[in-house]
Amino acid sequence: MADSVRIDKYLWAIRVYKTRSEATDACSGNKVRVGGVPAKPSKALKIGDVIEVHKGPAAFTYKVLQLLENRVGAALVEQYALNLTPESELAKFHAPKETIVLKRDRGTGRPTKKERRELDTLMDSMDF
C-alpha cells in the first residue's frame, strides 16, 4: 500500500463526492482544507490528516484512518475515514430548504422591468 494518496482520489473513494471530477473541482475551488490549509487536488494525504470539506452551508470534518485509491462500498467507509463532523453542521446540511413559487397568469409573458425590480425587492427583503 502507498504511503500517500491524492486528496481528490481519497474524497471520491470514501464517497464524499460522487465523481472524482467533483472532488477535483471542490479542491480547486478552495472548498477542501487539510490541517486548516486549502488543498489542491494533487495534495498527498497521510494517515492521521484531518480534512475539512465545505458542501453547501455545512463544513464536514474527516480524519484519515487508512489510505485507499479505489472506491469502496458505503458500509466500508468507516474503516478508512472517521467522521468528526459536529451535529450542528449536519443539521445545517439537512435543514429543509425554503422555496418560493411565484405564479404568473398564463399568457402574460415575461415580467417587465418594473415587475422584475419588485420581485427582486421582495426576494431581498425575505430572510433565509
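Calculation notes
- Residues numbered from 1 in each chain as written.
- Predicted model: local features only at pLDDT ≥ 70, side-chain atom pairs only at ≥ 80, totals over all residues.
- Heavy atoms only, no water.
- Helix = DSSP H or I, 4+ residues; strand = E, 2+ residues; numbered from the N terminus.
- Contact = heavy atoms within 4.5 Å.
- Areas by Shrake-Rupley, 256 points an atom, 1.4 Å probe, with all protein chains shown as cover.
- Pairing = 2+ DSSP bridges.
- Polar contact = N/O pair within 3.5 Å; in protein donor to acceptor, adjacent residues only side chain to side chain.
- Phe/Tyr/Trp six-rings, centres within 6.5 Å; stacked < 30°, edge-to-face > 60°.
- Lys NZ or Arg CZ within 6 Å of the ring centre and 35° of its normal.

## Regarding the overall build of the protein
- A tally of regular secondary structure across the protein gives five helices and seven strands.
- Reading the helices (α) and strands (β) of the protein from amino to carboxyl end gives β-α-α-β-β-β-β-β-α-β-α-α.
- Nonlocal contacts in the protein, meaning residues at least 24 apart in sequence, comprise 45% of its contacts between residues at least 6 apart.
- By element, 52% of the accessible surface of the protein is carried by carbon and sulfur atoms, the whole surface being about 9100 Å².

## Concerning the sheet that holds strand E5 (residues 50-55)
- Judged by pairing direction, the sheet is antiparallel, and its five strands sit side by side in the order E3-E2-E5-E6-E7 without closing on themselves. Each edge of the sheet is formed by a strand with only one pairing partner; in this case those strands are strand E3 (37-38) and strand E7 (81-83).
- Judged from the six bridges that link them, E5 and strand E6 (residues 58-64) form a sheet pairing that is antiparallel. Across the sheet, Lys-55 pairs through a bridge with Ala-58, a residue of E6.

## So, the side chain of Thr-85
- With respect to the helices and strands, the residue Thr-85 is situated in the loop between E7 and helix H4 (87-94).
- Within the structure, Thr-85 has its side chain in polar contact with the backbone nitrogen of Thr-61 (distance 2.9 Å).
- Side chain to side chain, Thr-85 and Asn-83 meet in a polar contact 2.6 Å long.
- Setting aside residues up to four positions removed in sequence, Thr-85 forms contacts with Ala-59, Phe-60, Thr-61 and Leu-90.

## Quick word on the packing of aromatic side chains
- For the structure shown, the criterion picks out zero aromatic pairs.
- Taking NZ or CZ as reference, Lys-55 lies 5.1 Å from the ring centre of Tyr-17, over its face.

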